[in-house]
Amino acid sequence: MGYEGCKHSALPAHTDMKSLCKALLCTACAVLIAWTLQKVSVIHAQVSPSSSLAVSANQIQTETAEGQDARSQLQAVLNGLGGNAWKTVHASVATVTITAGNGAARQVQWSDDWSGPALLTRRESVDKKDGSHTAISNGLYQYRHLADGSQKSFAASPDIVRMVEGYPGAALLRSLKRSNCIFAEHPIMPGKWPTRNALETNGDKAIYQSCLQPLFPGGKCNIVWHISSEAATLLGVWIPIQGQLHNSIAYEEIRYDAYRHLSGLTMPSRLTVIRPSGRIDKVLIGPPEFSEKLPSDNFKFHD
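The rules behind the values
Position numbers for residues start from 1 in each chain and track the written sequence from start to end. In view of the model being predicted, local features appear only for residues whose pLDDT reaches at least 70, and side-chain atom pairs are presented and counted only at 80 or more, with totals across whole chains, interfaces and linings using the full set of residues. Excluded from the side-chain calculations are hydrogens and water; all other atoms, namely the structure's heavy atoms, are used. Helix axes are fitted to C-alpha atoms over the stretch in contact, other axes to C-alpha atoms as well, and angles between N-to-C directions run from 0 to 180 degrees. Secondary structure elements follow DSSP: runs of H or I no shorter than four residues count as helices, runs of E no shorter than two count as strands, and numbering proceeds from the N terminus. The handedness criterion is simple: a crossing whose near helix is rotated anticlockwise from the far helix by less than a right angle is left-handed, and one whose near helix is rotated clockwise is right-handed. In what follows, a contact means two residues having at least one pair of non-hydrogen atoms within 4.5 Å. Throughout, the ten residues Ala, Val, Leu, Ile, Met, Phe, Trp, Tyr, Cys and Pro are labelled nonpolar, Asp, Glu, Lys and Arg are labelled charged, and all others, Gly among them, are labelled polar. Here, the term nonpolar core denotes a set of buried Ala, Val, Leu, Ile, Met, Phe, Trp, Tyr and Cys residues that are joined through side-chain atoms within 4.5 Å. Any residue under 20% of the maximum accessible area for its type is buried, any over 50% is exposed, and the rest in between are partly exposed; the area is computed with a 1.4 Å probe on protein chains only. Only rings of Phe, Tyr and Trp enter the pairing, Trp through its six-membered ring, and a pair is recorded when the two centres are within 6.5 Å. The plane angle decides the type: under 30 degrees is stacked, over 60 is edge-to-face, the rest tilted. Summary of the metric used: pLDDT quantifies the predictor's per-residue confidence within the range 0 to 100. Cysteine sulfur atoms that come within 2.5 Å of each other are treated as a disulfide pair.

1. Some thoughts on the packing of helix α3 (residues 65-81) against helix α5 (residues 168-177)
Closest axis-to-axis distance for the α3/α5 pair is 9 Å, and the angle between their directions is 145°. Between α3 and α5 lies a crossing of left-handed hand. Across the interface between the two elements, Arg71, Leu74, Gln75, Val77, Leu78 and Leu81 from α3 touch Pro168, Gly169, Leu172, Leu173 and Leu176 from α5. Its residues assigned to classes, the contact of α3 with α5 comprises eight nonpolar, two polar and one charged.

Shown next as structure tokens:
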């Protein structure tokens, strides 16, 4: 029996047991329908794109005066890396040498295309040895093609996280343009952050960035920029890495050891990467070849 058929039911004094049961059933039905409609409304508000952004933006809260100052400091860092010149390039290919702590080195070709809303990346081993692989990301997922022919898929890290290693100028430009990112000089925003012991700045500054990231654990991507106190120089960054366990986050530290200047742009040429496991990798980035866009075929697996 539907709700409309029950809502005008009454219980006169001479109601028999059958009528009483019928009326009670109608009342229970009406309560259940009302509760269900309320839950559907709540769920709709949670999954609707526009509603989700509005709720999450309110949770992040409006940027404070301190946040505006932190934003200005990062803008000064971006200016030192080339500023608006980063708007003129949207893709790059570079050869990268990664040396592990045990001295083992491997070469990887990096292909990155940030010309569209989603960052497309390809990481392909140059020397085809056992264990080499190709990793391609389409924005939401990363697909790995291993040397034995098998494939695996993982949730891709947020675009800004993947850009900071080779192109922090492009990552900063994208961060500062986003309305759902806020900044602060202290970790006042909710979510997981690196521990205080991990944040070794040696008297320099840490700028905290929190961006709405609905598909990332906690719904936010929190990044810490390490900048020089005396000059607007980017020294390093802490980025969140999604763990194998559901909703687990660990932090990876990237230290910019040396920079390269090319066509009005400044980008890192040497890095030290401290993985969440404690492993330390040295990364040497060759001169990148910039372009407006890379062929879509670059981000597909080939037999």
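2. Concerning the nonpolar core
In terms of nonpolar packing, the biggest core is built from 54 residues, with Leu74, Trp86, Trp114, Val164, Trp225, Val237 and Ile254 touching the most fellow members. With sequence-adjacent residues up to four places away left out, Trp114 is seen in contact with Trp86, Val89, His90, Ala91, Ser92, Leu119, Met163, Tyr167, Ala170, Arg174 and Phe290. Judged by nonpolar contacts, the second largest core, of five residues, contains Ala91, Val93, Ile136 and Phe299.

3. Looking at the packing of aromatic side chains
Across all of its chains, the model carries five aromatic pairs by this definition. Their ring planes at 80° and their centres at 5.2 Å tell us that Trp193 and Tyr208 sit as a pair that is edge-to-face. With Trp193 in the loop between β7 (181-184) and β8 (205-212) and Tyr208 in strand β8, the pair connects residues that are 15 residues apart, well separated along the chain. Like Trp193, the residue Tyr208 is buried in the burial classification.

4. Side note on the confidence of the model for the protein chain
For the protein chain, per-residue confidence averages 79 on the pLDDT scale, and residues scoring 70 or more make up 74% of the total. Note on residues 1-15: pLDDT under 50 across the span, and 11 contacts to partners over four residues away in sequence or across chains. Ignoring residues within four places in sequence, the model shows residues 33-60, a span with pLDDT below 50, making 13 contacts including any to other chains.

5. Structural notes on unusual backbone geometry
Although it is not a glycine, Ser263 sits at a positive phi angle of roughly 55°. Within the secondary structure, Ser263 is located in the loop between β11 (249-262) and β12 (265-274).

6. Things to note about the state of the cysteines
In the structure shown here, the tally under the stated rule is one disulfide. One disulfide in the model links Cys181 with Cys211; its S-S distance is 2.0 Å. Disulfide Cys181-Cys211: the torsion about the S-S bond is 115°, which places it as right-handed. Residue Cys181 is found in strand β7, and its partner Cys211 is found in strand β8; the two are separated by 30 residues along the sequence. Accessibility assignment for this pair places Cys181 and Cys211 in one class, buried.

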